[in-house]
Amino acid sequence: MIIPMLVCKDAAQEIEFCKNAFEAKELSRRERETGDVIHALLTVREALLMIHDESPHLGSKAPGPDGTSSVVNYLYCDDVDTVIARAVSFGAKILMHPEDQVWGDRVGRIIDPANHVWNVATRPNSDENES
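Worth saying up front: this structure is predicted, and the values here are computed from it rather than measured.

The rules behind these values
- Every chain is numbered independently, its residues counted from 1 as its sequence is written.
- Per-residue local features of the predicted model are confined to residues with pLDDT of at least 70, and side-chain atom pairs are confined, for both listing and counting, to 80 or more; whole-chain, interface and lining totals are unaffected and use all residues.
- Side-chain descriptors were evaluated using all non-hydrogen atoms of the structure, hydrogens and water having been removed beforehand.
- Secondary structure elements are defined from DSSP: runs of H or I of at least 4 residues count as helices, runs of E of at least 2 residues count as strands, and each element is numbered from the N terminus.
- Burial here depends on accessible area, computed with a 1.4 Å probe over protein chains only, as a share of the maximum for the residue type. Under 20% is buried, over 50% is exposed, and the range in between is partly exposed.
- Contacts between residues were defined by any pair of non-hydrogen atoms, one from each residue, lying within 4.5 Å.
- What makes a nonpolar core is a set of buried Ala, Val, Leu, Ile, Met, Phe, Trp, Tyr and Cys residues whose side-chain atoms join them at distances within 4.5 Å.
- If DSSP finds at least two bridges between two strands, the strands pair.
- Only the contacting stretch of a helix is used when fitting its axis, a line to C-alpha atoms as for every element, and angles between N-to-C directions run 0 to 180 degrees.
- Arc, as used here, means the arc of the directions from the helix axis to the C-beta atoms.
- Here a polar contact means two N or O atoms within 3.5 Å. Within protein one must be a hydrogen donor candidate and the other an acceptor candidate, and residues neighboring in sequence count only if both atoms are side-chain atoms.
- The sense of a crossing depends on the near helix, which, turned anticlockwise from the far helix by less than a right angle, makes the crossing left-handed and, turned clockwise, makes it right-handed.

A few words now on the overall build of the chain. Along the backbone of the chain there are two helices and eight strands. Secondary structure of the chain in N-to-C order comes out as β-α-β-β-β-β-α-β-β-β. Taking the principal axes of the C-alpha coordinates as reference, the chain spans close to 50 × 30 × 30 Å. Looking at the chain residue by residue over its 131 residues, the buried ones come to 40%. For the chain, the proportion of contacts with a sequence separation of at least 24, taken over those separated by at least 6, is 54%.

Put into structure tokens, the structure is as follows:
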């Protein structure tokens, strides 16, 4: 199993974004006395997602705001257009509007308020779609 771990400048804000935009459920959270998130575990349907604030002693840094990323999260959902619209209403920016792709998925790309890039996709006529 591979679990993405998102490093953020404001992990608490990213947790709220994921809960609002992707209907994620927060399973656990550990914080420092300062309120910085050391570790949080969320689910988006059955998928796990970890989120934490930057940890200089580990070399963990949040992504920059330019939309470039060495990692892109790929989220399957029931309705890509609805999920992207909801994400935008909670602060995401569209990098690519949803379009039907040659491999059958309908895919859009966003950057969330913490600068993480997400491909949001729907596979039409499939029972495997997830919100």
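Once the structure has been displayed, the description carries forward.
Our next topic: the nonpolar core. By size, the foremost hydrophobic cluster in this structure holds 26 residues, and its most contacted members are Cys18, Phe22, Ile51, Ile110, Trp118 and Val120. At the level of elements, strand E1 (5-8), helix H1 (11-22), strand E3 (37-44), strand E4 (47-53), helix H2 (80-89) and strand E8 (117-122) are the ones that each hand at least two residues to this core. Sort the elements by how many residues they give to this core and H1 lands first, with six residues. Ignoring sequence-local partners within four residues, the contact set of Trp118 consists of Leu6, Glu14, Cys18, Phe22, Leu49, Val72, Asn73, Leu75, Gly108, Arg109, Ile110 and Asp112.

Right, let's get into the sheet that holds E3. With respect to topology, four strands assemble into an open sheet ordered E1-E4-E3-E2, the strand pairing being mixed. At either margin of the open sheet sits one strand with a lone partner, and together these are E1 and strand E2 (25-31). In this sheet, neighbouring strand axes are inclined to one another by 15° on average, regardless of whether the strands run parallel or antiparallel. Lying on the sheet, H1 is in contact with E1, E2, E3 and E4; it crosses E3 at an angle near 5°.

Considered for burial, the residues of H2 that qualify are Val80, Val83, Ile84 and Ala87. Relative to the axis of H2, the buried residues are bounded by an arc of 95° and lie together on one face. The inward-facing, buried residues of H2 abut H1, strand E5 (72-76), strand E6 (93-100), strand E7 (106-111) and E8. Count one or two residues on from H2 and you reach Gly91, which has phi positive near 110°.

Tracing the backbone through its elements, the reader meets Arg45 in the loop between E3 and E4. Spatially, the C-alpha atom of Arg45 lies 24 Å from that of Met96, the residues being 51 residues apart in sequence.

Take the side chain of Thr122 next. With respect to the element layout, Thr122 can be found in strand E8. A distance of 3.3 Å separates a polar atom in the side chain of Thr122 from the backbone oxygen of Cys77.

Two elements in contact, H1 and H2, have axes whose closest approach is 8 Å; the angle formed by their N-to-C orientations is 145°. Judged by the twist between their axes, the crossing of H1 over H2 is right-handed. In contact with Phe17, Asn20, Ala21 and Phe22 of H1, H2 contributes Val83, Arg86 and Ala87.

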